[in-house]
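Topology and contacts: notes
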Amino acid sequence: MTYAYPLLEPVSRPMPRRIGVVGAGTIGPDIAYYLKSALPTLELVLLDVRPSAIDAALARLRGYADKAVARGKMNADDATATLSGLTGSTDYGALAGCDWVIEAATEDLALKRRIFADVEARVTPGTLITSNTSSLPAARIFAGLARPERATVTHFFAPAWRNPAVEVIDWPALDRGVLAWLRRFFAETGKLPLVTSDAACFMLDRVFDNWCNDAALLLDSATAAQVDAVAQEFVHAGPFFVLNLANGNPIIIETNTLQADEEGEHYRPAPIFASVQQWKTAAPGQRVDVPTQTAKAVRERLLGVLWSQTVDILDRGIGSAADLDLGCRVALGFKAGPLELMEQAGDDAVAKVLGHYAMQRPGMPMPQRPLADYRPTERHVLVDRLDDVVVITLRRPEALNALHDAMTDDILRVIRRHETDPSVAGFVITGYGTKAFCAGADIGRFPTLLGNADGAAQYARDCSRLLVHLDTATKPVVAAINGMALGGGFEMAMRCHALVAHRRAWLQLPEVSLGILPAIGAMAVPFRRWNSASATFQRMLTTAARLRASEANEAGIVAELADGIDDLMARACAQVRLLARGGVPPRPGDGPVPLPAFPPFEGRAADGRVVSAAVVRLIEQGVRDAAAAPSLAAALEVGYRAFGEVACTPAAREGIQAFMERRNPDFTATG
Ligand code: COA
């Protein structure tokens with residue numbers, strides 16, 4: 001792997017035009033739906049030996065598209081395009097002409113080998129062949145292929161049309177170009193490829209299977225409902241609830257038997273899996289009484305298995321620390337990754353839990369190094385070198401790369417690490433994928449700030465530490481805006497020395513539609529930096545109007561527009577080098593700046609929704625005060641304090657609550 005960020009990989013293979021998916025059971029059709037919604041012009045054939053399964057699968061996909069249209073997630077034309085070019089067949093001959101065949105049949109090695117022999121007989125030597133197995137090593141599945149170098153495992157997670165995680169297995173026979181292409185393809189089509197080695201059950205199922213197996217081994221001292229209730233400190237749904245949903249008992253028997261046969265008896269599945277169909281448990285969030293001692297024992301045991309698997313995965317190089325944390329969050333529904341949990345607990349507590357676990361579960365893996373060695377250097381950003389430019393990629397796909405403290409610290413740490421390195425010309429900051437540069441500050445933190453003016457203002461000051469550092473940076477930092485740049489994401493870009501944007505990117509300050517205001521610079525910086533565009537920023541602040549990249553380019557805010565990600569990165573790097581040669585531009589100036597009058601308040605956002613008059617008043621006053629402030633620092637301070645004020649309004653409470661409840665806010669009653 002040359003680059004941590006897959007979209008930096010240069011690849012020559014074109015996008016696929018025809019893909020075959022073998023297996024019309026549960027996950028095959030979901031994979032097909034993801035592919036067709038990402039690439040509507042793709043021809044896709046769904047292959048199965050059972051015509052009834054194909055009919056049911058095609059009906060399911062029509063249902064998905066109808067639901068997406070009903071919920072406003074897709075327009076009718078896109079839905080029609082998604083469903084067109086989608087066919088079913090019981091004949092392997094239909095695979096002729098495919099650029100890629102994905103197998104999603106039953107977890108049976110002999111069956112898979114037969115399927116791949118049939119597939120290879122019908123496709124060209126260049127056709128990619130991948131399996132969606134969750135456990136069987138690639139080396140075993142593809143042992144009989146004449147051309148194994150074009151084959152690997154691409155392991156999706158349920159529901160595959162929406163869950164972004166895909167494990168891509170790097171096994172010895174795999175062609176490097178195929179690996180690079182797969183990573184890039186997935187990143188370009190909205191997925192999160194996580195590269196793992198070819199160990200049985202790869203990375204994330206080792207965590208999930210053993211988490212479930214240890215949960216079952218606990219059933220002599222707690223009920224399934226109690227285990228699930230305790231587990232919900234760490235996951236959105238407990239192991240038994242998930243097993244019920246996924247009909248997962250036979251899978252645990254199969255995968256843990258595989259691990260036991262290969263790696264030792266300690267992995268043998270709990271006997272109870274063979275005799276239970278459905279577990280008696282409670283829905284997530286439902287109250288379940290758990291005696292204190294039981295809760296403590298269950299909690300420690302669950303952490304024990306989680307951390308034991310974590311150190312094993314890292315010691316054996318099955319996956320990377322940052323990918324493991326992210327994969328557990330995105331694919332397995334953990335609230336925090338296992339390494340983040342280790343950090344929160346502290347090394348002494350982790351050592352104690354693992355020591356106890358070693359006694360309960362002899363043979364299970366234990367740390368081979370000091371615990372501190374296991375932590376990733378950065379958890380939420382990827383770091384790459386493009387010659388003399390350091391590229392920092394924001395990677396929080398579960399929240400459209402929204403900024404939180406840990407990510408801000410990651411970015412700052414990378415900049416500090418390289419800013420005195422003479423071989424580094426400067427930095428590019430970009431967002432993972434093609435949809436979002438950054439969806440702003442993480443709204444999940446906001447509820448705790450409501451009603452606390454000083455706390456909210458201090459939060460804004462603290463969040464600004466990266467941006468204040470950028471103001472005085474000695475090496476150029478360029479924002480490569482690959483997709484939407486909202487709120488705090490746009491505020492971060494504003495403090496970069498130049499902005500380069502993908503032609504279809506857009507900028508927005510949506511805070512007013514959440515009943516709040518942008519806290520970390522947008523009320524001050526743009527009026528000092530692009531004063532001639534003041535009216536545009538006033539409109540953006542008070543109506544949440546979007547600014548297209550082309551409009552931002554015309555207004556002089558965005559220096560260059562790019563076509564495609566390769567062009568974007570090339571232009572961003574060229575900007576870095578230009579600024580490094582010519583000198584870093586000065587930060588936005590001190591001294592008051594002129595402002596046009598705000599347009600009359602119309603009560604609505606650009607999208608027609610009602611906004612809060614009280615919030616708009618605070619924004620207008622803040623912008624005026626910041627423009628009149630005698631220094632940039634004083635102007636920024638105006639913004640921090642205004643954020644404190646807005647956090648105490650009924651509108652903020654309504655707006656934030658509505659976002660958390662996934663509904664539209666109602667500001668008609670809040671003022
Ligand atoms: N903070 C935290 N989570 C965020 C986020 C943010 N700023 N922006 C998006 N997310 C999360 C969503 O909650 C969602 O999580 P879920 O899958 O658990 O429900 C996920 O990212 C994907 O977003 P979603 O809303 O499903 O995507 P979409 O394409 O339908 O809509 C946006 C995209 C950006 C329009 C919408 O997410 C949004 O309005 N986000 C808030 C943006 C904002 O106001 N930023 C400024 C904050 S001060």
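Structure shown above.
Read on for a plain summary of the structure.

Cut-offs applied
Residues numbered from 1 in each chain as written. Predicted model: local features only at pLDDT ≥ 70, side-chain atom pairs only at ≥ 80, totals over all residues. Heavy atoms only, no water. Helix = DSSP H or I, 4+ residues; strand = E, 2+ residues; numbered from the N terminus. Expected span 1.5 Å × (residues − 1). Buried < 20%, exposed > 50% of the residue type's maximum accessible area, 1.4 Å probe, protein only. Arc of directions from axis to C-beta. Contact = heavy atoms within 4.5 Å. Axes fitted to C-alpha atoms, helices over the stretch in contact; angles between N-to-C directions. Parallel < 35°, antiparallel > 145°, perpendicular 65-115°, else oblique. Left-handed = near helix turned anticlockwise from the far one by under 90°. Pairing = 2+ DSSP bridges. Near = heavy atom within 4 Å. Polar contact = N/O pair within 3.5 Å; in protein donor to acceptor, adjacent residues only side chain to side chain. Areas by Shrake-Rupley, 256 points an atom, 1.4 Å probe, with all protein chains shown as cover.

Here we take up helix α2 (residues 51-70). The end-to-end C-alpha distance of α2 is 29 Å, a good match for the 28 Å that 20 residues give at a rise of 1.5 Å each. Every buried residue of α2 is listed here: A53, I54, A57, L58, L61, Y64, A65 and A68. On an axial view of α2, the arc spanned by its buried residues comes to 135 degrees, and they lie on one face. Those residues of α2 that are exposed and angled more than 90 degrees off the buried face are S52, D55, D66 and A70. In this fold, the buried residues of α2 make contact with α1 (27-38), β2 (43-47), α3 (76-83) and β3 (86-89). G72 lies just past α2 and shows a positive phi near 75 degrees.

At a minimum axis separation of 9 Å, helix α8 (residues 224-231) and helix α11 (residues 292-315) run at an interaxial angle of 65 degrees. Between α8 and α11, the angle is such that the two are roughly perpendicular. Crossing of α8 over α11 shows right-handed handedness. Here Q226, V227, V230 and A231 of α8 come into contact with α11, specifically with T294, A295, V298, R299 and L302.

All right, on to the sheet that holds strand β18 (residues 560-562) then. Reading across from one edge, β9-β10-β11-β13-β15-β18 is the order of the six strands in this open sheet, with mixed pairing throughout. Since the sheet does not close on itself, it has two edges, and those belong to β9 (381-386) and β18, each with one partner. Averaged over all pairs of adjacent strands, the angle between their axes in this sheet comes to 25 degrees, without regard to strand direction. Bridge count for strand β15 (residues 498-502) against β18 is three bridges, and the pairing is parallel.

Take the site of the ligand next. As a structural note, the neighbourhood of the ligand is formed by 18 residues, with K435, A439, A441, I443 and R662 the closest of them. Between E398 and the ligand, the recorded distance is 3.4 Å, taken from a backbone N or O atom to an oxygen atom. The separation between a nitrogen atom of the ligand and a polar main-chain atom of I443 is 3.0 Å. In the complex, the protein chains occlude 67% of the 850 Å² of accessible area that the ligand would expose alone.

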